[in-house]
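As a plain string of letters, each chain reads:
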Amino acid sequence: MERLAYFIRRLLLVIPTFIGITLSTFILIQFVPGGPVEQAIIQMRGLQNVQGANASQAISERQREAIKAHFGFDKPIHVRYWNWLVHDKMGMEVRSYKYSNKTVWELISERFPISLTFGLTGFILSYLVCIPLGIAKALRNGGVFDLWSSVIVFVGYAIPPFAFGMLLKLFFSGSSTHFLDWFPLGGFRSDNWATLSLWGKITDQLHHMVLPLLCYLIGNFAVLTLLMKNSLLDQIGQDYIRTVIAKGGTLRRAIWLHALRNAMIPIATGIGSIFTLMFAGAVLIERVFNIPGMGWLSLDAMVSRDYMVFMGILALTSLLGLLGRIFSDFCYALIDPRITFEKN
């Protein structure tokens, strides 16, 4: 019952936290210059200048107020926020300022399958590679394997993912006649995707995903691998491991049956990020490989002052991120039933 009460409290706290995040951001963006009203006025002035009208007399106050009313800026902030949150369903039914023929949800739903593909594949590969690698490094702590694998992991961690992506394109995408031409320069799929067979679609998708995935993974390898290694080393040094060995158990049994389970608790911290995998797009990586994912959409919304798209992405990311934290706590409780959420 104590755990049930804890998770109910955490779920209830999601509501004020979500409102705090979105309301503070909604208020801040009202003061950012260059919004949709200013952009519409500039476009009208440019159009009328081309037609020979005087720039100073191009936009009247009545026209300015009409533009504000069109974008909803004629209402008080709290009314606009209430409309965004309730009537427009977190802004999902509002039309984009930049792509006026599409709603925010239509734009997001077009992009998130692409980012979800990269995010889910990268998430699974990270855990499949880093956990066994961290265990192997802990069991060979201080040895040659531990030393050289640490060198490789840290070198990979030190290279910025977008710079790594540019190097991969240079060496493996035929951008120079002196290097290999094994992978496409960019894009998510080939232009003739619809005409390909099933096997052709699988190989084409993998062909386009190899280089961007390496960039997504390179930064996660070091953190997850070293977290797994240090967590297991910490558990191996605990008294209960010595007790198992003193009772006649082997070191292998003590590690694999007792220490490993407890060492997985810090790893569960990142499990909650699975809720936000569809928004895992990295802006610079997507720009380097010309991938139309969520990262690119977020950057485009910020640069073009498309507030509704930006707020829609922020709302979904915040909500799923908060739920992901609760899911991580749930994983803690599953891995180690001794964990208590009481203060004492």
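Quick caveat, the model's predicted, so the values are computed rather than measured.

About the criteria used
- Residues numbered from 1 in each chain as written.
- Predicted model: local features only at pLDDT ≥ 70, side-chain atom pairs only at ≥ 80, totals over all residues.
- Heavy atoms only, no water.
- Helix = DSSP H or I, 4+ residues; strand = E, 2+ residues; numbered from the N terminus.
- Buried < 20%, exposed > 50% of the residue type's maximum accessible area, 1.4 Å probe, protein only.
- pLDDT = per-residue confidence, 0-100.
- Axes fitted to C-alpha atoms, helices over the stretch in contact; angles between N-to-C directions.
- Parallel < 35°, antiparallel > 145°, perpendicular 65-115°, else oblique.
- Left-handed = near helix turned anticlockwise from the far one by under 90°.
- Contact = heavy atoms within 4.5 Å.
- Nonpolar A, V, L, I, M, F, W, Y, C, P; charged D, E, K, R; others polar.
- Patch = residues over 30% accessible without salt bridge, like charges linked within 9 Å, V, L, I, M, F, W, Y side chains within 5 Å.
- Areas by Shrake-Rupley, 256 points an atom, 1.4 Å probe, with all protein chains shown as cover.
- Salt bridge = Lys/Arg side-chain N within 4 Å of Asp/Glu carboxyl O.
- Disulfide = S-S within 2.5 Å.
- Phe/Tyr/Trp six-rings, centres within 6.5 Å; stacked < 30°, edge-to-face > 60°.
- Core = buried A, V, L, I, M, F, W, Y, C linked by side-chain atoms within 4.5 Å.

Novice: Describe unusual backbone geometry, and please don't skip the residues or the numbers.
Specialist: Positioned with a positive phi, Met90 is a non-glycine residue whose angle comes to about 60 degrees. Note that Met90 resides in the loop between α4 (77-87) and α5 (104-139). Classification of Met90 by relative accessible area gives buried; the value is 18%. Phi angles above zero are rare outside glycine, and Arg305 is one such case at about 60 degrees. As for its position among the elements, Arg305 is in the loop between α12 (294-303) and α13 (307-335). By relative accessible area, which is 25% here, Arg305 ends up partly exposed.

Novice: Quick rundown of the confidence of the model for the protein? Include the residues and the values.
Specialist: Averaged over every residue, the pLDDT of the protein is 82; residues scoring 70 or more account for 90%. Per-element averaging of pLDDT across the protein places helix α2 (residues 36-50) at the bottom with 72 and α4 at the top with 89.

Novice: Just give me the short version of the environment of Ile313, but keep the residues and values in it.
Specialist: In this fold, Ile313 is placed in helix α13. Taking C-alpha positions, Ile313 is 26 Å from Phe7, a pair spaced 306 residues apart along the chain.

Novice: Give a description of the packing of α5 against α13 that names residues and reports values.
Specialist: Put simply, α5 and α13 touch, their axes get as near as 9 Å, and they point 60 degrees apart. It follows that α5 is oblique to α13 by the angle criterion. With respect to the hand of their crossing, α5 and α13 are arranged in right-handed fashion. Each of Val104, Trp105, Leu107 and Ile108 in α5 lies in contact with α13, whose residues at this interface are Met308, Val309, Gly312, Ile313 and Leu316. Looking at side-chain class alone, the contact of α5 with α13 contains eight nonpolar, one polar and no charged residues.

Novice: Hey, could you go over a nonpolar patch on the surface for me, with residue numbers and the actual values?
Specialist: Taken together, the side chains of Met1, Leu4, Ile8, Leu12, Ile15, Ile19, Leu23, Ile27 and Phe31 define a hydrophobic patch exposed on the protein surface, amounting to about 910 Å² of accessible area. Mapping Leu4 onto the fold places it in helix α1 (residues 2-29). Residue Leu4 is classed as partly exposed on the basis of its relative accessible area, which comes to 47%.

Novice: Go over the environment of Phe112 with me, naming the residues and quoting the values.
Specialist: With respect to the helices and strands, the residue Phe112 is situated in helix α5. The exposure class of Phe112 is buried, given its relative accessible area of 18%. As a C-alpha pair, Phe112 and Glu2 span 110 residues in sequence and 37 Å in three-dimensional space.

Novice: Give me the state of the cysteines: which residues, what numbers.
Specialist: Applying the stated rule across the entire model yields zero disulfides. This cysteine, Cys215, is not joined by any disulfide, and Cys130 carries the nearest cysteine sulfur, 16 Å off. Unpaired in this structure, Cys331 has its nearest cysteine sulfur neighbour in Cys130, at a distance of 18 Å.

Novice: Requested: an account of the pattern of salt bridges, with residues and values cited.
Specialist: For the structure shown, the criterion picks out eight salt bridges. Among the ionic pairs, Asp329 bridges to Arg10, the shortest N-O distance being 2.3 Å. Of this pair, Asp329 sits in helix α13 while Arg10 sits in helix α1, and the two are 319 residues apart along the sequence. Residue Asp329 is classed as buried on the basis of its relative accessible area, which comes to 11%. A salt bridge links Asp239 to Arg242; its shortest N-O distance comes to 2.3 Å. Here Asp239 pairs with Arg242, and both are found in helix α9 (residues 239-246), just three residues apart, close to one helical turn. For Asp239, a relative accessible area of 52% corresponds to the exposed category. One network of salt bridges, in which partners are shared, links Lys137, Asp146 and Lys229.

Novice: Requested: an account of the packing of aromatic side chains, with residues and values cited.
Specialist: Each aromatic ring pair is summarised here by two numbers: the centre-to-centre distance and the angle between the ring planes. Considering all chains together, one arrives at twelve aromatic pairs under this definition. Taking 6.2 Å as the distance between ring centres and 40 degrees as the angle between the ring planes, the aromatic pair formed by Phe26 and Trp84 counts as tilted. Separated by 58 residues along the polypeptide, Phe26 in helix α1 and Trp84 in helix α4 bring together distant segments of the chain. For Trp84, a relative accessible area of 1% gives the class buried. Their ring planes at 55 degrees and their centres at 5.8 Å tell us that Phe118 and Phe188 sit as a pair that is tilted. In this pair, Phe118 sits in helix α5 while Phe188 sits in the loop between α7 (161-172) and α8 (198-236), placing the two residues 70 residues apart along the sequence. Residue class for Phe118 comes out buried when judged on its relative accessible area of 3%.

Novice: Can you lay out the nonpolar core for me, pointing to particular residues and giving the numbers?
Specialist: Counting residues in hydrophobic clusters, the biggest one holds 28 residues, and the most contacted among them are Trp84, Met90, Ile108, Leu297, Met308 and Val309. Residue assignment for this core shows that the elements contributing at least two residues are α1, α4, α5, α12 and α13. Ranked by residue count, the leading element in this core is α13, at nine residues. Counting residues in each nonpolar core, the second largest holds 17 residues, with Ala138, Leu224, Met228 and Ile267 among its members.

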